[in-house]
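So you can see what is in the structure, the chains are spelled out below.
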Amino acid sequence: MDLNSLLNLNTFIELLLGISLSAAAGFRVFVPLLALSVASVFGHFDLPTNFDWLETPQAVIVFAVACLLEIIGYYIPWLDHLLDIVATPAAFIAGTIVTASLAPEMNPLVQWTLALVAGGGTAGLTQGLTNILRISSTGVSGGLTNPVVSTIELVVAIGLSVLALALPVVAGTIVIGFLIIAIQRIWSFFFNKISSQTTETVSPSRELG
């Protein structure tokens, strides 16, 4: 694929679609995979040959069961934190697969590099933000508000997946704005944590002085 083909409008829309579904994977790993699989089975998308497995009824069933188990797991106290540990790499993988499956015919190296950076990166950032929100929720309420956070995440995952399939440009624009906020939040979280640890380390030294 030449550079002109890579930068055409259809490719741009497909990239926005992939990024949007990848962001949804950061909220719930299997929701966008299920949505893409269902849409492909009903002929809404014609995926590349090496992703034909996504267009099968068997894939729909597997993703539906996995999606249901994931949803239930996030409503079980403390299991939600364990799921976050597993979901972080899983979301990265799901985002990469989704973006690669929607990419047009191109050099495999370009295809998977784009999928890793755009899809995996988006899913990873989104998942990172949800982890921070859950940790904050647990710290403030002792985990009592975690079901509310889980419900919001689920609604966002479903809504974003549907919007991405129906209006990828709109969904992509929203996701790009969200990613900017996510990067700022994650940076602020770790910066404040490092600052707090530094203050705790310096304070005893001053007292001894």
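Since the model is a prediction, treat every value here as computed from it, not as a measurement. (Residues numbered from 1 in each chain as written. Predicted model: local features only at pLDDT ≥ 70, side-chain atom pairs only at ≥ 80, totals over all residues. Heavy atoms only, no water.)

With respect to the nonpolar core
Across soluble globular proteins, nonpolar side chains have a tendency to be buried as a group.
Part 1 of the reasoning: Core analysis: the largest hydrophobic core is formed by 40 residues, its most contacted members being Leu-17, Leu-21, Leu-36, Phe-45, Leu-47, Leu-102 and Leu-165.
Part 2 of the reasoning: Within the residue set of this core, elements represented by two or more residues are helix H2 (9–27), helix H3 (30–41), helix H4 (57–73), helix H5 (79–102), helix H6 (108–141), helix H7 (146–166) and helix H8 (168–208).
Part 3 of the reasoning: In terms of residue count, the dominant contributor to this core is H2 (7 residues).
Part 4 of the reasoning: Sequence-distant contacts of Leu-47, that is, excluding residues within four places in its chain, are made with Leu-36, Ser-40, Asp-52, Leu-54, Glu-55, Ser-101 and Leu-102. (Core = buried A, V, L, I, M, F, W, Y, C linked by side-chain atoms within 4.5 Å. Buried < 20%, exposed > 50% of the residue type's maximum accessible area, 1.4 Å probe, protein only. Helix = DSSP H or I, 4+ residues; strand = E, 2+ residues; numbered from the N terminus. Contact = heavy atoms within 4.5 Å.)

Considerations on the packing of aromatic side chains
Part 1 of the reasoning: Overall, the coordinates contain 3 aromatic pairs when judged by the stated rule.
Part 2 of the reasoning: Between the aromatic rings of Phe-27 and Phe-178, the centroid separation amounts to 5.8 Å while the plane-to-plane angle is 45°, which identifies the pairing as tilted. Taken as a pair, Phe-27 in helix H2 and Phe-178 in helix H8 lie far apart in primary sequence, 151 residues in all.
Part 3 of the reasoning: Of the residues examined, Phe-178 reaches a relative accessible area of 22% and is grouped as partly exposed.
Part 4 of the reasoning: Measuring from ring centre to ring centre gives 6.0 Å for Phe-51 and Trp-112, while their planes differ by 35°; the resulting arrangement is tilted. With Phe-51 in the loop between H3 and H4 and Trp-112 in helix H6, this residue pair connects regions lying 61 residues apart in the sequence.
Part 5 of the reasoning: With a relative accessible area of 31%, Trp-112 lands in the partly exposed category. (Phe/Tyr/Trp six-rings, centres within 6.5 Å; stacked < 30°, edge-to-face > 60°.)

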